[in-house]
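Inside the fold
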Amino acid sequence: MSPSRQSRRHHLFNLAAGFAALALPAVTLAANGFPTRPVTIIVPTPAGGPSDTAARLIARSLSAAWGQQVNVENKAGASGALAARAVMDAAPDGHTLLWGLAAMAGLPFVLKAPPYRSMAELVPVANAVQMGYALFVNRDLPAQNFSDLVAYGRANPDKLNYATGVLTEYGMAVHVLGAAGVKAQRVPYKGGAQLMPDLISGQVQLNFGPIISGLQHVRAGKLKVLATALPQRSKILPDVPTLAELGVPAGGLPSWNALFAPPGTPRAVADAIAQAVATAVRDPAVRDPLADSGVEVSGDGPRQLGEAVESAHAAWKAFVHQHQIPQE
């Protein structure tokens, strides 16, 4: 690349830091001929859930930036294993990507037939968002705060069911309820969009889910929120205490959502996608609605995501051993 072309390219990337990706010419984010056709992001949860919502916002921004359609395909089931297998088997050219959840680093420890021995077998591309989690309860449950819930749960060990979508929700429930001495029965779902109606109707009583999935129902008076799993109180839920304030220690399980490519995908392609994602998450059309729902954007690249995968792998290995979680 000539100095003049290199200078022009750097100038365009600097402009991207200050403007939304939607305003950029399609060619500025393409590198090494990528993408040459539509891109598919496979999401391991059903349509309408928190991860799906975030993925679609970013996909829309990437479509505009690349001048190629970026489609979202939902492939829910087996705690993300079905989606992971589909991407593991895809062509290693970056045109098929996995919207990976941090909890999927735990698949080798909770499934008898996991899609990989380690999530590191996939090519890390970009850390997209960080989900904030909260404890939601049915509005008719006789618990106005966490202490009430603990007292009720201890007095009624056979009356509480907790709903789980992704593995992170399962892990949080096991950790928090165990720390509080509360016994409850797990009811697994494919995702938040499926479990929320049952939580609202009272078929299940608890869910440790992403803030984005239950916030609208709390605001509508259909659910109660008793605590968040954040380092400090949420700006959108300022009256809700953190678990740490309530004396519940951190569980140590991460909650990022990130993009991965099939094994063997060239590093240059992964880097090009990572640059585009970093710009997309700064797009106000992406960043603002997510922030309003308790989701933080990231934009970390392949190296940082690779380190996050190693950390999540170790955390889930220790967690499964500590709580003696059986394989499914």
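You'll find the structure just up there.
Rules behind the numbers
Residues numbered from 1 in each chain as written. Predicted model: local features only at pLDDT ≥ 70, side-chain atom pairs only at ≥ 80, totals over all residues. Heavy atoms only, no water. Helix = DSSP H or I, 4+ residues; strand = E, 2+ residues; numbered from the N terminus. Buried < 20%, exposed > 50% of the residue type's maximum accessible area, 1.4 Å probe, protein only. Contact = heavy atoms within 4.5 Å. Areas by Shrake-Rupley, 256 points an atom, 1.4 Å probe, with all protein chains shown as cover. Lys, Arg positive; Asp, Glu negative; His and termini not counted. Charge placed at Lys NZ, Arg CZ, Asp CG, Glu CD. Pairing = 2+ DSSP bridges. Axes fitted to C-alpha atoms, helices over the stretch in contact; angles between N-to-C directions. Right-handed = clockwise from strand over helix to strand, strands pointing away.

**Some details on the overall build of the chain**
In terms of helices and strands, the chain carries 11 helices and 11 strands. By its C-alpha atoms, the chain is 75 × 40 × 30 Å across when sized along the principal axes. When the 328 residues of the chain are sorted by exposure, 55% land in the buried category. Restricting to contacts in the chain with at least 6 residues of sequence separation, those with at least 24 account for 79%. By element, 51% of the accessible surface of the chain is carried by carbon and sulfur atoms, the whole surface being about 14,000 Å². In the chain, 26 side chains carry a positive charge and 21 a negative one; their mean positions are 2 Å apart.

**Things to note about the sheet that holds strand 5 (residues 133–138)**
In spatial order, the strands read 7-6-8-5-9; together these five strands make up an open sheet with mixed pairing. Looking along the sheet, the strands with just one partner apiece sit at the ends: strand 7 (185–188) and strand 9 (223–228). When the angles between neighbouring strand axes are averaged without regard to direction, this sheet yields 30°. As judged from the four bridges shared by strand 6 (residues 161–164) and strand 7, these two strands associate in the parallel manner. Within strand 7, the position partnered with Ala-163 by the bridge is Val-187. Its contacts with the sheet put helix 6 (residues 167–180) on strand 5, strand 6, strand 7 and strand 8 (206–210), and the angle it makes with strand 8 is roughly 125°. Where helix 8 (residues 211–219) meets the sheet, its contacts fall on strand 5, strand 8 and strand 9, and the angle it forms with strand 5 comes to roughly 40°.

**Some thoughts on the pairing of strand 1 (residues 39–43)**
Burial of strand 1 is extensive: four of the five residues sit out of reach of the surface. Pairing geometry for strand 1 and strand 2 (residues 70–74), over five bridges, is parallel. Looking at the pairing, Thr-40 lines up with Asn-71 of strand 2. On the question of chirality, the crossover connecting strand 1 to the parallel strand 2 by way of helix 2 (residues 50–66) is right-handed. Direction of pairing for strand 1 relative to strand 3 (residues 96–101): parallel, over a ladder of three bridges. Note that in strand 3 the partner of Ile-41 across the bridge is Leu-97.

**Looking at unusual backbone geometry**
One non-glycine residue with positive phi stands out, namely Ala-78, at about 55°. Mapped onto the secondary structure, Ala-78 falls in the loop between strand 2 and helix 3 (81–88). Classification of Ala-78 as partly exposed rests on a relative accessible area of 40%. Of note, the phi angle at Ser-79 is positive, near 60°, even though the residue is not glycine. If you trace the backbone, Ser-79 turns up in the loop between strand 2 and helix 3.

**What to know about the sheet that holds strand 3**
What the six strands build is an open sheet, ordered 2-1-3-10-4-11; its pairing is mixed. With one partner strand each, in any of the chains shown, strand 2 and strand 11 (295–300) form the two edges of the open sheet. Across this sheet, the average inter-strand angle for adjacent strands is 25°, counted without regard to direction. Helix 2 rests against strand 1, strand 2, strand 3, strand 4 (123–131) and strand 10 (256–261) of the sheet, and its axis sits at about 160° to strand 2.

Read these as geometric descriptors, not functional statements.
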